[in-house]
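Below, each chain spelled out in residue letters.
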Amino acid sequence: MPRPSAGSHHNDKLHVKKGDTVIVLSGKHKGKSGKVLLALPRDQKVVVEGVNLVTKNVKPSPANPQGGQEQRELALHASKVALVDPETGKATRVRKQIVDGKKVRVAVASGKTID
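Residues numbered from 1 in each chain as written. Predicted model: local features only at pLDDT ≥ 70, side-chain atom pairs only at ≥ 80, totals over all residues. Heavy atoms only, no water.

By the naming in an unreviewed UniProt entry, the protein chain goes by Large ribosomal subunit protein uL24 and is assigned to Deinococcus arcticus. UniProt, in the comment section headed Subunit (unreviewed entry), describes the protein chain in these words: "Part of the 50S ribosomal subunit." Within the UniProt record for the protein chain, the comment given under Sequence similarities (unreviewed entry) is "Belongs to the universal ribosomal protein uL24 family." (UniProt positions renumbered as here; feature names shortened; annotations may be inferred.)

Structural data, given as structure tokens:
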């Protein structure tokens, strides 16, 4: 994947992380939700379980002597997903707050602490 240019504004941080439940906001998978399997902060992308599936042809190998086709998730841009609010089950933005001396993520919509 191409790296951002030297003058780009990327700061290698994402609003979601591995294990979060997210909902897709735009594109052909809009409305689908799933768990984040992999976060790629440098590329600003995430891999979401059951979303953006492609069929891949696999060569026979010792582990898979038959070969064939398999379904795989491709990465989506992180801006296309939003965290699911633990209270309402809808998409929400994330705010960072300091609670008891720890920096935690808080759902903007409900004010609930996420982690």
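Having put the structure on the table, let's press on.
Draft legend 1. Fine view of the pattern of salt bridges. Evaluated as defined, the whole model comprises three salt bridges. Note that R72 is salt-bridged to E70, the shortest N-O span being 2.7 Å. Note that E87 is salt-bridged to K112, the shortest N-O span being 3.6 Å. On the criterion of sequence distance, the pair formed by E87 in the loop between β7 (81-84) and β8 (91-92) and K112 in the segment after β10 (102-107) is long-range, its members being 25 residues apart. Owing to a relative accessible area of 40%, K112 belongs among the partly exposed residues under this scheme. (Salt bridge = Lys/Arg side-chain N within 4 Å of Asp/Glu carboxyl O. Helix = DSSP H or I, 4+ residues; strand = E, 2+ residues; numbered from the N terminus. Buried < 20%, exposed > 50% of the residue type's maximum accessible area, 1.4 Å probe, protein only.)

Draft legend 2. A look at the UniProt feature "domain: KOW" (unreviewed entry) in the protein chain. Residues annotated in UniProt with the feature "domain: KOW" (unreviewed entry) correspond here to residues 15-42. Overall, residues 15-42 shows 0% helix and 43% strand. The separation of its end C-alpha atoms is 13 Å.

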